[in-house]
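# Residue-level structure breakdown
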Amino acid sequence: MEAQAVCKSTGSKIDFSYFGGAESFTEGRRSLRRTTVASPSEKDDGVSYPGPPQDPADFLWIMTEEPHRSRRMAIMKAHPEVTKLMGYEPLTKYVVLAVVSLQLYLAVYLRHTHPLSFRFLFLAYAVGGTANQNLFLAIHEITHNLAFKGINANKALAVFANLPIGVPYFAAFKKYHIEHHKHLGEEGIDTDLPTNFELLCLNNVLGKTFFATFQIFFYALRPGLVKMQTPNRWHLYNVVVQLLVDYLLVRTFGVRPILYLLFSSFFAGSLHPCAGHFIAEHYVWDGLNQETYSYYGPLNILAYNVGYHNEHHDFPSIPWTRLPALRALAPEFYDILPSHPSWPMVIVNFIRDKEVGIFARAKRIAKNSKQKHESSSSSSDRE
């Protein structure tokens with residue numbers, strides 16, 4: 001029997017095979033719809049829920065390929081001029097220089113201020129958290145080689161952008177992030193995915209509050225626990241340069257400048273308005289058959305337009321300054337996709353809403369695991 005039912009609000013059929021048996025969770029009053037659609041369609045009117053709540057006992061396992069490659073091909077066919085948007089952005093290096101300079105200046109400026117004073121904590125949260133989130137996303141941009149033509153020049157800029165973050169992370173992030181693009185949602189490869197341990201321990205209001213508050217540590221530590229990397233010379237450069245600058249700051253101005261930078265990094269990945277993008281980008285919402293979400297609000301100004309996340313995954317070779325132009329070029333592809341109206345509210349809704357949590361991530365079996373399984377099955381068949 002076909003696993004379908006009719007949605008009362010829209011009259012459309014729901015394919016429950018996508019939701020892993022979650023049709024049993026449709027009873028009771030549902031929360032308000034969290035995502036919006038710029039151009040509603042028959043498939044999604046932007047108000048109704050396209051599907052039932054997800055089973056909170058497991059991740060959303062799907063068998064389909066990630067959607068970005070097919071949409072990229074469709075957009076290139078419909079708008080071949082999209083290739084003109086690709087390439088590096090010279091402005092990036094100047095923004096990085098300005099933000100790094102601001103952070104190092106404030107770190108030295110606060111050298112005589114108590115780390116637990118209101119002024120120190122306020123500046124670390126409001127200015128430092130915003131600035132270091134900007135540098136996280138500068139490194140994200142540079143990881144795609146979008147600041148210079150040359151690969152080594154991009155890596156050198158990333159090492160420089162890393163300085164106010166306080167701990168070396170660029171070199172490790174680069175490989176993990178490229179794998180995130182190539183193997184979106186694949187278990188054991190995409191380290192952006194929560195682990196089963198996180199699913200087990202953090203699926204309630206208290207656990208989600210803890211996760212949202214300390215998510216910077218989850219993103220920093222999880223990759224190494226899931227999949228270790230083999231260090232290369234850029235890992236060494238990243239560590240040596242970072243530790244040297246940290247040492248010079250402490251030796252010259254004392255420990256408080258380093259504390260300011262570390263506090264800034266913590267706040268950047270905690271309950272900070274800009275940190276909403278971590279949750280907004282790939283958590284599944286509103287019973288939707290969608291695993292990547294964009295945000296088109298004003299905070300993109302501070303965040304290298306990372307809110308244009310469907311656009312970025314579709315075309316990683318288009319720099320941050322031209323992502324709005326990509327959306328404007330292909331509105332028939334992007335305006336029909338549900339997006340988030342607010343990053344801060346993403347954090348609030350993530351914590352409060354029972355229908356979203358650590359479980360609300362789309363996972364797929366890694367391709368190499370599929371190939372091994374198929375090969376094993378074929379061998380068994382021959383035997």
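Above this note sits the structure.
Residues numbered from 1 in each chain as written. Predicted model: local features only at pLDDT ≥ 70, side-chain atom pairs only at ≥ 80, totals over all residues. Heavy atoms only, no water.

## Structural notes on the overall build of the protein
Defined as follows: Helix numbers and strand numbers start at the N terminus; a helix is a DSSP run of H or I with at least 4 residues, a strand a run of E with at least 2. The classification of residues rests on relative accessible area computed with a 1.4 Å probe and restricted to protein chains. Under 20% of the type maximum is buried, over 50% is exposed, and intermediate values are partly exposed. Whether two residues are in contact is decided by their heavy atoms, any of which lying within 4.5 Å being enough. Exposure was quantified through the Shrake-Rupley algorithm and a 1.4 Å probe, taking into account, for residues, occlusion by the shown protein chains and nothing else.
Assigned secondary structure in the protein consists of 16 helices and six strands. Taking all 383 residues of the protein together, 50% fall into the buried category. Of all intrachain contacts in the protein linking residues separated by at least 6 positions in sequence, the fraction that spans at least 24 positions is 77%. Carbon and sulfur atoms form 64% of the exposed surface of the protein, whose accessible area is close to 18,500 Å².

## A closer look at the packing of aromatic side chains
Note the threshold: Two aromatic rings, drawn from Phe, Tyr or Trp (for Trp, its six-membered ring), form a pair once their centres lie within 6.5 Å of each other, and the interplanar angle then sorts them: stacked below 30 degrees, edge-to-face above 60, tilted otherwise. A ring is scored as having a charge over it whenever the NZ atom of a lysine or the CZ atom of an arginine sits within 6 Å of its centre and within 35 degrees of its normal.
One pass over the full model with this rule turns up 21 aromatic pairs. When the centroid spacing of 5.6 Å and the interplanar angle of 55° are considered together, the rings of Tyr169 and Phe173 count as tilted. Overall, Tyr169 belongs to the partly exposed group, its relative accessible area being 22%. With a centroid separation of 5.3 Å and an interplanar angle of 70°, the aromatic rings of Tyr283 and Phe350 are classed as edge-to-face. A residue pair is termed long-range when its members are at least 10 positions apart, and Tyr283 in the loop between helix H11 (276–280) and strand E4 (294–295) and Phe350 in helix H15 (residues 343–352) qualify at 67 residues. With respect to class, Tyr283 is no different from Phe350; both count as buried. Among the aromatic side chains, those forming a connected cluster through ring pairs are Tyr125, Phe210, Phe211, Phe214, Phe217, Phe218, Phe266, Phe267, Tyr283 and Phe350. A cation sits over an aromatic face here: Arg222 above Tyr219, 5.2 Å from the ring centre. Over the face of the ring belonging to Phe59 we find Lys363, whose NZ or CZ atom lies 4.0 Å from the ring centre.

## Looking at the environment of Glu355
Quick note on the threshold: Distance and chemistry together define a polar contact, namely a pair of N or O atoms within 3.5 Å, with one atom able to donate a hydrogen and the other to accept it when in protein, and with adjacent residues in sequence counting only for side-chain atoms on both sides.
Among the secondary structure elements, Glu355 is positioned in the loop between H15 and strand E6 (362–363). Taking C-alpha positions, Glu355 is 9.4 Å from Val284, a pair spaced 71 residues apart along the chain. Residues within four places of Glu355 in sequence aside, it is in contact with Arg30, Ser31, Tyr49 and Pro53. A distance of 2.8 Å separates the side chain of Glu355 from the side chain of Arg30, its partner in a polar contact.

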